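# Observations on the three-dimensional arrangement
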Amino acid sequence: MTVDQPLRLGSGGRRAAAAVQFLRECQSHDLVVRWIPATDDPLFTGPAHEVSAIAGLLRHLPAPGPLPGEPPELAVWRDRHAYGQLHHRRGPDFVTVMDRREPSAAARFTIDDPDLLATFRTVQVPTAVAGLSALGREAVGLLAAERLAWVTGGWVVALPPRIRRWPVPCTDI
């Protein structure tokens, strides 16, 4: 699948959160997506440490295509991207998240607190942070601190795709 228009992840707000949701859902279905960032996207034209941080956060999503004069972090994103690096599985009253975006700091989370779980489910779609309850905003803070949600321009979206196809070998999960 090829996205015809450049994605502006650095524009912030609902549009950027929706772009991440789209890429997350494509990753969930293991779809090959070809997309490019806008050439003036502040997310990819900013200081190297900011670009590196965002590329590391989103590394589990389909990587952007090459740009002339792109920061080297985008090439690293393409090289290190693999299906299943970050994903979640749903249980009856819990969600299990596996995060292997950074191999030296792999983590497994079980979200079973009812309020945190409800917020995780809510932010599967882009959600205005201001529209959440105080408890929901606190839960978003916890999810963002663990790099399981992305807050941008007052909007939040969950990052882990729901895994629908087991990577081989499945014992690695």
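The structure under discussion appears in the preceding block.
Residues numbered from 1 in each chain as written. Predicted model: local features only at pLDDT ≥ 70, side-chain atom pairs only at ≥ 80, totals over all residues. Heavy atoms only, no water.

### Considerations on the overall build of the protein chain
We apply this condition: Only DSSP runs of H or I reaching four residues or more are called helices, and only runs of E reaching two or more are called strands; each is numbered from the N terminus. Each residue's exposure class comes from its accessible area (1.4 Å probe, protein chains only) as a fraction of the maximum for that residue type: buried when under 20%, exposed when over 50%, partly exposed otherwise. The contact criterion used throughout is that any non-hydrogen atoms of two residues lie within 4.5 Å.
Scanning the protein chain from N- to C-terminus turns up six helices and six strands. Counting from the amino terminus, the protein chain carries its helices and strands in the arrangement α-α-α-α-β-β-β-α-β-α-β-β. Along the longest, intermediate and shortest principal axes, the C-alpha atoms of the protein chain span 45 × 40 × 30 Å. Here the protein chain holds 173 residues, and the buried ones make up 47% of them. When contacts within the protein chain are restricted to residue pairs at least 6 apart in sequence, those whose partners lie at least 24 apart make up 61%.

### Observations regarding the nonpolar core
Test applied: Residues enter a nonpolar core if they are buried and are Ala, Val, Leu, Ile, Met, Phe, Trp, Tyr or Cys, with the set joined through side-chain atoms within 4.5 Å.
Within the largest apolar cluster, 41 residues are counted, with the highest numbers of intra-cluster contacts made by Leu-9, Trp-35, Leu-58, Trp-77, Ile-111, Leu-143 and Trp-150. Ranked by residue count, the leading element in this core is helix H1 (residues 13-28), at six residues.

### Observations regarding the environment of Phe-94
Among the secondary structure elements, Phe-94 is positioned in the loop between strand S1 (86-90) and strand S2 (95-99). With relative accessibility at 31%, the residue Phe-94 sits in the partly exposed group. For the pair Phe-94 and Ile-36, spaced 58 residues apart in sequence, the C-alpha separation works out to 35 Å. When residues no more than four places from it in sequence are discounted, the contact partners of Phe-94 are Arg-89, Thr-110, Ile-111, Asp-112 and Leu-117.

### With respect to the side chain of Arg-59
Let me state the cut-off plainly: Polar contact is the term for a pair of N or O atoms within 3.5 Å; when the atoms are in protein, one must be able to donate a hydrogen and the other to accept it, and sequence-neighboring residues count only if both atoms are side-chain atoms.
Inspection of the secondary structure puts Arg-59 in the loop between helix H3 (48-57) and helix H4 (72-80). Note on Arg-59: relative accessible area 7%, which makes it buried. One polar contact links the side chain of Arg-59 to the main-chain carbonyl oxygen of Arg-101, over a distance of 3.0 Å. Reaching out from Arg-59, the side chain makes a polar contact with the side chain of Glu-102 at a distance of 3.0 Å.

### As for a negative patch on the surface
Just so we agree on the cut-off: A patch is a set of surface residues, each over 30% in relative accessible area and not in a salt bridge, joined within 9 Å for like charges and within 5 Å for the nonpolar side chains Val, Leu, Ile, Met, Phe, Trp and Tyr. Accessible areas in this description were obtained via Shrake-Rupley with a 1.4 Å probe; residue shielding takes into account the shown protein chains only. We define a salt bridge as a contact between a side-chain nitrogen of Lys or Arg and a carboxyl oxygen of Asp or Glu at a distance within 4 Å. Positive charges come from Lys and Arg alone, negative charges from Asp and Glu alone, with His and the N- and C-terminal ends not counted. For this purpose, a charge sits on NZ of Lys, CZ of Arg, CG of Asp or CD of Glu.
Taken together, the side chains of Asp-112, Asp-113, Asp-115 and Glu-138 present a region of like negative charge at the surface. Within the secondary structure layout, Asp-115 lies in helix H5 (residues 114-122). Among the residues examined, Asp-115 registers a relative accessible area of 41% and is labelled partly exposed.

### A look at H1
Selection rule: The span you would expect from a helix comes to 1.5 Å times its residue count less one.
The terminal C-alpha atoms of H1, which comprises 16 residues, lie 23 Å apart, in line with the 22 Å expected from a rise of 1.5 Å per residue. Within H1, the full set of buried residues consists of Gly-13, Ala-16, Ala-17, Ala-19, Val-20, Leu-23, Arg-24, Cys-26, Gln-27 and Ser-28. Turning to H1, the residues buried within the fold contact strand S5 (149-152) and strand S6 (155-158).

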